[in-house]
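Listed below are the residues making up each chain.
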Amino acid sequence: MPYQNRRKPNDKSRFRRTYHRRKICRFCADSSLVIDYKEIKVLRYFTTERGKITPRRISGNCAKHQRILTLALKRARNMALMPFTTSVVR
Ligand SMILES: [Zn+2]
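Residues numbered from 1 in each chain as written. Predicted model: local features only at pLDDT ≥ 70, side-chain atom pairs only at ≥ 80, totals over all residues.

Caption draft 1: The arrangement of the overall build of the chain in detail. In terms of regular secondary structure, the chain is built from five helices and zero strands. In sequence order, the secondary structure elements of the chain are arranged as α-α-α-α-α. The buried share of the chain, reckoned over its 90 residues, is 11%. Across the chain, the fraction of contacts at a sequence separation of at least 24, relative to all contacts at a separation of at least 6, is 65%. (Helix = DSSP H or I, 4+ residues; strand = E, 2+ residues; numbered from the N terminus. Buried ≥ 20, exposed ≤ 12 C-beta atoms within 10 Å, placed from the backbone. Contact = placed C-beta atoms within 7 Å.)

Dropping the structure here:
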């Protein structure tokens, strides 16, 4: 019976690997959340503790909002509202 062996053994492991929960863009879900260079509270959420911008695959933002966020964050950095980096004491 050739049709009994539908699945290859390595198919299952690949399926397991690609599984992840779909994140929704916070700005799409909540329209009251505004991306602005003055909104440091919002911007800080999307940065690491080192001051780097969280990548889209982690934050779950959509392309459109990530673009706006990046622009706002860079603007905030230039206005000295956000850090470029934080000094790490070693
Ligand atoms: Zn969005």
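Structure's up, so let's keep going.
Caption draft 2: How the structure looks around helix H5 (residues 63-78). Between its first and last C-alpha, H5 extends 23 Å over 16 residues, near the 22 Å set by a 1.5 Å rise per residue. The set of residues buried in H5 consists of Gln66, Leu69, Ala72, Leu73 and Ala76. Down the axis of H5, the buried side of the element spans an arc of 130 degrees, and every buried residue falls inside it. Facing away from the buried surface of H5 by more than 90 degrees, the exposed residues are Ala63, Lys64, Leu71 and Asn78. Against helix H3 (40-45) and helix H4 (56-59) lie the buried residues of H5. Among the residues trailing H5, Ala80 stands out with phi positive, at a value near 65 degrees. (Expected span 1.5 Å × (residues − 1). Arc of directions from axis to C-beta.)

Caption draft 3: Main features of the environment of Thr86. Within the secondary structure, Thr86 is located in the segment after H5. Owing to 11 C-beta atoms within 10 Å, Thr86 belongs among the exposed residues under this scheme. Thr86 sits 34 residues away from Lys52 along the chain, and the two C-alpha atoms are 9.3 Å apart. If we ignore the near neighbours within four places in the chain, the residues touching Thr86 are Arg50 and Gly51.

Caption draft 4: Representation of the confidence of the model for the chain. Per-residue confidence for the chain averages 85 on the pLDDT scale, and 77% of its residues sit at or above 70. Here helix H1 (residues 9-18) stands out as the element of the chain with the lowest mean pLDDT, 59, in contrast to H5, whose mean of 97 is the highest. (pLDDT = per-residue confidence, 0-100.)

Caption draft 5: Region of the structure containing the environment of Val88. Relative to the elements of secondary structure, Val88 occurs in the segment after H5. When the C-alpha positions of Val88 and Arg50 are compared, they lie 8.3 Å apart, and in sequence the two are 38 residues distant.

Caption draft 6: Representation of the nonpolar core within the structure. Listed in full, the six residues of the largest apolar core are Leu43, Phe46, Leu69, Ala72, Leu73 and Ala76. Per-element accounting of this core gives the leading share, four residues, to H5. Residue contacts for Ala76: discarding those within four places in its chain leaves Tyr37, Ile40, Leu43, Leu81 and Met82. (Core = buried A, V, L, I, M, F, W, Y, C linked by C-beta atoms within 7 Å.)

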